[in-house]
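Descriptive analysis of the structure
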Amino acid sequence: VVLPRISSRMIDIQTKMTERALELLCLPENQPCYLLDIGCGSGLSGDYISDEGHYWVGIDISTAMLDAALDRDTEGDLLLGDMGQGIPFRPGSFDGCISISAVQWLCNANKKSDIPAKRLYRFFSSLYAVLVRGARAVLQLYPENSEQLELITTQATRAGFTGGVVVDFPNSAKAKKFYLCLFSGPSTFLPKGLTESQDAHQATESTFTNERAPHKMARRGLMKKSREWVLEKKARRRRQGKEVRPDTQYTGRKRKPRF
Amino acid sequence: MKLLTHNLLSSHVRGVGTRGFPLRLQATEVRINPVEFNPDFVARMIPKVEWAALAEAVDCLNLAAIPKEPIEGFEHDETFLRKMHHVLLEVDVLEGTLQCPESGRLFPISRGIPNMLLSDDETET
């Protein structure tokens, strides 16, 4: 099999995404880490990881891509494997995980017997196990639509991960990128996505979490149907990704008795 | 495949669970690759190493024996760290097999790359 020639522009994009993924991984400074690269392909992302002083193991399902990686003499170890079958490592093996443009492939059923949700769950649950407690996984992906993204995040949550999706350049069709940021420890803050205007107030990420109790406590103090209750309910529905009218001075105002 | 990777790899054949480790190593071609020594990295990985499995792999490859266990104060012992650096990162198994201790399933290693692909029947549901 001869691989099509990759353009230098594609290489640049892959490298940029790897750089961003490593940034979102928030590894401790000045510490060489042991990372997992899912869908490592020909080792473009791996080379960047090595340049940053870390060590890595890559998994890919394509022998052709791995052969290309061998030709490029990458420093990380390579494995021929299918992420949907699970990650074959001992618990707590890796300080972090990145993936560039690979995870959405789990949503394709290549054989009739493939059930995407099962493969996604197998991938995420085994990934959760092989990460050191508190480590992160940052998975750059191209979701076909919001349903596919939700399928993916649902299985990640079921597997025990907290975290969310960071969206860079949401208003640019060409530059828009999705990074699924998963935490295997207690919930922590999700970085803001990049925008052209670098407007920090633009909401470019959504969070999902298994933690319910703290949120419930916040609601107990609110009187049912009060303005605060309405605002809180609207905020909750926004977090769930539902379409909600913007809050205005009229939100939750006292209506005439016929209501 | 480096011996560090071998020490962390575990069989994911259906039903095997934690009994999939360590994979029994058999090598027909091994290469020594010089790798830049990073004492911080080696020191951080030592606690993750399953020592008995590493000793067994070293024995299988007819390499010079390693100490029975990490020596006390290993973090600052450069001689020890260099020895472990060599064993964990510079020994590269190019051709051979890995065998699941529970199921007996063989995973071939070719050009340094273990083939961990499972059949549908072997995959955990």
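Predicted model only: the values in this text are computed from it and were never measured. (Residues numbered from 1 in each chain as written. Chains lettered and ligands numbered in written order. Predicted model: local features only at pLDDT ≥ 70, side-chain atom pairs only at ≥ 80, totals over all residues. Heavy atoms only, no water.)

Here's the deal with the environment of B:Asn115
Secondary-structure assignment places B:Asn115 in the segment after β4 (113-114). Taking C-alpha positions, B:Asn115 is 9.3 Å from B:Leu98, a pair spaced 17 residues apart along the chain. With near-sequence residues (within four places) excluded, B:Asn115 lies in contact with A:Leu80, B:Phe107 and B:Pro108. From its side chain, B:Asn115 meets the backbone nitrogen of B:Leu117 in a polar contact 3.0 Å long. (Helix = DSSP H or I, 4+ residues; strand = E, 2+ residues; numbered from the N terminus. Contact = heavy atoms within 4.5 Å. Polar contact = N/O pair within 3.5 Å; in protein donor to acceptor, adjacent residues only side chain to side chain.)

What to know about the pattern of salt bridges
Residue and element names in this part refer to chain A. Per the stated rule, a full pass over the model turns up 15 salt bridges over all chains. Linking Glu23 and Arg20 is a salt bridge whose minimum nitrogen-to-oxygen distance equals 2.5 Å. Pair noted here: Glu23 and Arg20 are both in helix α1 (residues 8-25), with a separation of 3 residues, about one helical turn. Taking relative accessible area as the criterion, Arg20 reaches 10% and is therefore assigned buried. Of the charged contacts in the structure, one is a salt bridge between Arg238 and Asp247, with a shortest N-O distance of 3.1 Å. We classify Arg238 as partly exposed; its relative accessible area is 34%. Overall, Asp247 belongs to the partly exposed group, its relative accessible area being 37%. Taken together, the shared-partner salt bridges in this structure form one network comprising Arg20, Glu23 and Asp168. (Salt bridge = Lys/Arg side-chain N within 4 Å of Asp/Glu carboxyl O. Buried < 20%, exposed > 50% of the residue type's maximum accessible area, 1.4 Å probe, protein only.)

Description of the UniProt feature "domain: Methyltransferase type" (unreviewed entry) in chain A
Taken from the UniProt record, the annotation "domain: Methyltransferase type" (unreviewed entry) applies to residues 36-136 of chain A. In residues 36-136 of chain A, the share of helix is 32% and the share of strand is 26%. The end C-alpha atoms are 11 Å apart. (UniProt positions renumbered as here; feature names shortened; annotations may be inferred.)

Overview of the interface of chain B and chain A
Taken residue by residue, the interface counts 32 residues in chain B and 33 residues in chain A. Around 2800 Å² of area is buried between chain B and chain A when both sides are counted, 55% of it from carbon and sulfur atoms. Of all residues in chain B, the largest losses of buried area upon contact with chain A belong to B:Leu8, B:Arg44 and B:Ile113, amounting jointly to 21% of the total for that side. At the boundary of chain B and chain A, one finds 4 salt bridges. Of the charged contacts in the structure, one is a salt bridge between A:Asp77 and B:Lys2, with a shortest N-O distance of 3.1 Å. Across the contact surface, chain B and chain A share 15 residue pairs in polar contact (both at pLDDT 80 or more). Those elements giving two or more residues to the side of chain B that touches chain A turn out to be α1 (3-8), α2 (39-45) and β4 of chain B. Of the residues belonging to the side of chain B that touches chain A, the class tally is 14 nonpolar, 9 polar and 9 charged. (Buried area = accessible area lost by both parts, 1.4 Å probe. Nonpolar A, V, L, I, M, F, W, Y, C, P; charged D, E, K, R; others polar.)

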